[in-house]
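As a plain string of letters, each chain reads:
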Amino acid sequence: MYFFLGTLACLDMGYSSVTTPRMLFDFHIQKRLITIQTCITQIYFIVFFVVSELSLLAVMSYDRYVAICRPLHYTQIMHWRTCVLLVLGMLIFSLLYPLVHVLLLLKLTFCRLTTLQSFFCDLPQLLLVSCSDTFINVLLVFILVILLGVGIFSLTFCPYIIILNTIMKMSKAMRSKAFSTCSSHLTVVLIFYGTALFSYFHPNTKDHSAVDKVASVFYTILTPLVNPLIYSLRNKEMKISLKRAVCK
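Residues numbered from 1 in each chain as written. Predicted model: local features only at pLDDT ≥ 70, side-chain atom pairs only at ≥ 80, totals over all residues. Heavy atoms only, no water.

Section: the nonpolar core
Point 1. Residues Phe 4, Tyr 15, Ile 43, Leu 56, Met 60, Leu 105 and Leu 126 are the most contacted members of the largest nonpolar core, which totals 52 residues.
Point 2. Every element with two or more residues in this core is listed here: helix 1 (2–29), helix 2 (36–69), helix 4 (80–105), helix 5 (123–128), helix 6 (135–167), helix 7 (172–200) and helix 8 (210–233).
Point 3. The element that contributes the greatest number of residues to this core is helix 2, accounting for 17 residues.
Point 4. Discounting residues that sit within four places of it in the chain, Phe 4 has contacts with Leu 56, Val 59, Met 60, Asp 63, Met 78, Cys 83 and Val 87. (Core = buried A, V, L, I, M, F, W, Y, C linked by side-chain atoms within 4.5 Å. Buried < 20%, exposed > 50% of the residue type's maximum accessible area, 1.4 Å probe, protein only. Helix = DSSP H or I, 4+ residues; strand = E, 2+ residues; numbered from the N terminus. Contact = heavy atoms within 4.5 Å.)

A closer look at the UniProt feature "transmembrane region" (unreviewed entry) in the protein chain
Point 1. UniProt feature "transmembrane region" (unreviewed entry): in the numbering of this structure it lies at residues 40–62, 83–106, 135–163, 184–202 and 214–233.
Point 2. Annotation note: span residues 40–62, helix share 100%, strand share 0%, distance between end C-alpha atoms 33 Å.
Point 3. The span residues 83–106 carries 96% helix and 0% strand; its end-to-end C-alpha distance comes to 36 Å. (UniProt positions renumbered as here; feature names shortened; annotations may be inferred.)

Section: the state of the cysteines
Point 1. With the rule as written, the count across this model stands at one disulfide.
Point 2. Between the sulfur atoms of Cys 39 and its disulfide partner Cys 121 the distance amounts to 2.0 Å. The sign of the -125° torsion about the S-S bond sets the Cys 39-Cys 121 disulfide as left-handed. Taken together, the residues Cys 39 in helix 2 and Cys 121 in the loop between helix 4 and helix 5 connect sequence positions 82 residues apart. Of the two residues examined, Cys 39 and Cys 121, each falls in the buried class. (Disulfide = S-S within 2.5 Å.)

Following this line, the structure appears as structure tokens:
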């Protein structure tokens, strides 16, 4: 579990580093200009970290399933080599997936200076300001997002159906402990999925309101920030240390 949490922390730091420094730089110089090449590069890393985090959350769901439903076999199933292979496979897939979108973006033409209604380069927004025919790009984004979203979403939430069924058969004390084990992960999953789905599946994609911008800030900056806090506050040692610090 701590190996996956360490990986999640690294992904959160990388995810925030793709957008936040550029945003602060634009606020400082007041120009707020970005080249197409830099924008496409930023899109590649944003998609990479988003897919990586979604895949890792699915792997962590499986880890929680084994810990609760098959506790006696946990050390055998979730061996450290298995954990490393899962994370390695996840990272390789996440590195290859954005290349499909980037290669198609490089073939598009952008013939005028256009304002992007966000503080970072987002794939749907960049497609909207292109002068070329983006039908293939939009179709590919739609198909791959549906396939990837349904696949990873199912792998993330299906184990919880079995987990809930198992928890309901436990005693009250064991049930409380099992819920405590899953609550942090489930909270992170719901926050990330909720804000991302709101931003990308809004009915008026061309009309980016203030609410949409707040949602994009939430899942690109605040979610990586609160993830360590959510897991830390569920840790007994962290709670004891926090209480000692407050008492002092």
